[in-house]
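Chain by chain, the residues run as shown.
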Amino acid sequence: MAIPFQNENLTLAQMRSFVGQLSDLDIGPDANDDISTDLVNGFVKEGFQKIVALSQRYPYYQATYLLFTVVDDHTYTSFSRQNPTPVTNVGIDTIQQIISVVNNTNGGNSLIYIDQARAESIWVGTSDQAGIPAYFSIWGSELNLWPKPDQIYNVTLRGFRKPLLTWFSDENTSIDIDPQMQLPLINYVMARIFQFQEDPEMANEYMRGFEKAVAIIQGQLTAPSSNRQLIMSGGLQLQAYDFAPFDTGMRVLPGSPYPLGVAF
């Protein structure tokens, strides 16, 4: 069976076939097979989960969502995923991490993250008045907007979706992992198979190959953009320019008692 090592991921069946060729073992459901299908499937899933657990910010899982707010409603749990396509409605439980929330209505504004307890201490009782959402918090698998919307707003969310496991039950579906990680995943499965066969030398060799490849690829995939050096403790840049006549003097104040934490 030809294995398609192009810019696509293998299915579970293709990965089992390739692993069988590499190990020269018969993989199947029968008692006379060298190793069972279920066991190899378990090794694939185990390696997959180890890889995706190493980082929450693989570019492969980047996603964009759309939300239309409801008047006087702080809390939202379902969104329309715009990218990757196809467009579909999803719950917040499918999102690994939300990194930005932007209001696109009228002049628009980028919402600032605020701690849930801090938000509840500000917008409480008679102070909980509707307005243009300026902050967001996440608590109990819910996205909360502060203040609560006073009209319907078109809001864009960007973040990272959770990896799918549909490929584990549907063998015609590609494994949901960055294509660069599929060969290291094969190394992991081979290591576990040789461990099962009580061949520690080969198991260690494949495991070392897996660990080195994943470390290199993960570093490359999650590295900061090289168009600008990483600046530590630089604060939030609120202006496009930081020199006269464009400098407004507005600065972020870490630990400020004010919700926005800025001063002029």
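Note that the coordinates shown come from a computational prediction; the quantities given were computed from them, not determined experimentally. (Residues numbered from 1 in each chain as written. Predicted model: local features only at pLDDT ≥ 70, side-chain atom pairs only at ≥ 80, totals over all residues. Heavy atoms only, no water.)

Remarks on the overall build of the chain
Right, so step 1: In terms of regular secondary structure, the chain is built from six helices and 13 strands.
Right, so step 2: In the chain, buried positions account for 38% of the 264 residues.
Right, so step 3: Put simply, 60% of the contacts in the chain that link residues at least 6 apart link residues at least 24 apart. (Helix = DSSP H or I, 4+ residues; strand = E, 2+ residues; numbered from the N terminus. Buried < 20%, exposed > 50% of the residue type's maximum accessible area, 1.4 Å probe, protein only. Contact = heavy atoms within 4.5 Å.)

Re the nonpolar core
Right, so step 1: Ranked by size, the top nonpolar core spans 33 residues in total, and within it Met-15, Val-44, Ile-51, Ile-175, Met-181 and Ile-193 carry the most contacts.
Right, so step 2: The element that contributes the greatest number of residues to this core is helix 5 (residues 182-196), accounting for eight residues.
Right, so step 3: Each residue touching Ile-51, except ones within four places of it in the same chain, is listed here: Tyr-58, Ile-177, Met-181, Leu-185, Phe-210 and Val-214.
Right, so step 4: Ranked by size, the runner-up nonpolar core spans 17 residues in total, among them Val-90, Ile-92, Leu-145 and Val-155. (Core = buried A, V, L, I, M, F, W, Y, C linked by side-chain atoms within 4.5 Å.)

Some words on the pairing of strand 9 (residues 135-138)
Right, so step 1: The sheet contact formed by strand 8 (residues 109-113) and strand 9 spans two bridges and is parallel. The residue of strand 9 that forms the bridge with Ile-112 is Tyr-135.
Right, so step 2: Between the end of strand 9 and the start of strand 10 (residues 143-146), which pair antiparallel, lie four residues, with Gly-140 showing a positive phi angle near 60 degrees. (Pairing = 2+ DSSP bridges.)

Some words on helix 5
Right, so step 1: Between its terminal C-alpha atoms helix 5 stretches 21 Å, which fits the 21 Å expected from 15 residues at 1.5 Å a residue.
Right, so step 2: Burial analysis of helix 5 places eleven of its 15 residues in the buried class, which makes it a mostly covered element.
Right, so step 3: Every buried residue belonging to helix 5 is among Gln-182, Pro-184, Leu-185, Ile-186, Tyr-188, Val-189, Met-190, Ala-191, Arg-192, Ile-193 and Phe-194, and all of these are buried.
Right, so step 4: Where helix 5 is buried, its residues contact helix 1 (12-23), strand 2 (35-36), helix 2 (37-53) and helix 6 (200-221). (Expected span 1.5 Å × (residues − 1).)

Take it as geometry only, folks, not as evidence of what the structure does.
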